[in-house]
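Chains, contacts and geometry: an overview
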Amino acid sequence: MPSTTQSLTVAAKTLRNRIFSRSGSTSAGPSRWATPGHEERPKGYFMNRTPPPPGQSRKWEDWELPCYITSFLTIVILGVGLNAKPDLSIETWAHQKALERLEMERLGDSSD
């Protein structure tokens, strides 16, 4: 019966071989990041889009304006809403109760 140390060593070697068998070299076969049909190297532009000619602006896609408006409104609503929420922590409640008790004691002492 193999010892626990030996089985852990074998498991670690197997895992290491699986992880490093595709270390990015093209000689190891196709990798999941560079499948056939994809470029080997990027062109150097964001999203592989060439920039428009000088003097022309980029045309917005259909989804961009609604996405930007929704994102802006979400930030505004969350900012206002989270700043305006009531403080319902136990510390605040205990502080208010303590102030009420002190006020009751002060009123009780002044009536004597």
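Description of the structure in this document.

Here is what the cut-offs are and how they apply
- Residues numbered from 1 in each chain as written.
- Predicted model: local features only at pLDDT ≥ 70, side-chain atom pairs only at ≥ 80, totals over all residues.
- Heavy atoms only, no water.
- Helix = DSSP H or I, 4+ residues; strand = E, 2+ residues; numbered from the N terminus.
- Buried < 20%, exposed > 50% of the residue type's maximum accessible area, 1.4 Å probe, protein only.
- Areas by Shrake-Rupley, 256 points an atom, 1.4 Å probe, with all protein chains shown as cover.
- Expected span 1.5 Å × (residues − 1).
- Phe/Tyr/Trp six-rings, centres within 6.5 Å; stacked < 30°, edge-to-face > 60°.
- Patch = residues over 30% accessible without salt bridge, like charges linked within 9 Å, V, L, I, M, F, W, Y side chains within 5 Å.
- Salt bridge = Lys/Arg side-chain N within 4 Å of Asp/Glu carboxyl O.
- Polar contact = N/O pair within 3.5 Å; in protein donor to acceptor, adjacent residues only side chain to side chain.
- Contact = heavy atoms within 4.5 Å.

1. Thoughts on the overall build of the chain
In terms of regular secondary structure, the chain is built from three helices and zero strands. Ordered by position from the N terminus, the helices and strands of the chain form the series α-α-α. Counting all 112 residues of the chain, 1% fall into the buried class. Of the roughly 11000 Å² that the chain leaves accessible, carbon and sulfur atoms contribute 62%.

2. As for helix α1 (residues 4–20)
Look at α1: 24 Å from first C-alpha to last across 17 residues, which is about the 24 Å you get at 1.5 Å a residue. Buried residues are scarce in α1, accounting for zero of its 17 residues.

3. Quick look at the packing of aromatic side chains
For the structure on display, the rule yields one aromatic pair. Ring geometry for W60 and Y68: centres 5.4 Å apart, planes at 80 degrees, overall edge-to-face. Take W60: its relative accessible area is 44%, and that puts it in the partly exposed class.

4. Structural notes on a nonpolar patch on the surface
A cluster of nonpolar side chains, contributed by W60, W63, L65, Y68, I69, F72, L73, V76, I77 and V80, occupies part of the molecular surface with about 1000 Å² of accessible area. Mapped onto the elements of the fold, Y68 is located in helix α2 (residues 64–84).

5. Quick notes on the side chain of E64
Positionally, E64 belongs in helix α2. In terms of polar contacts, E64 uses its side chain to reach the side chain of R58, at 3.0 Å. Once residues within four sequence positions are removed from consideration, E64 is found in contact with R58 and K59.

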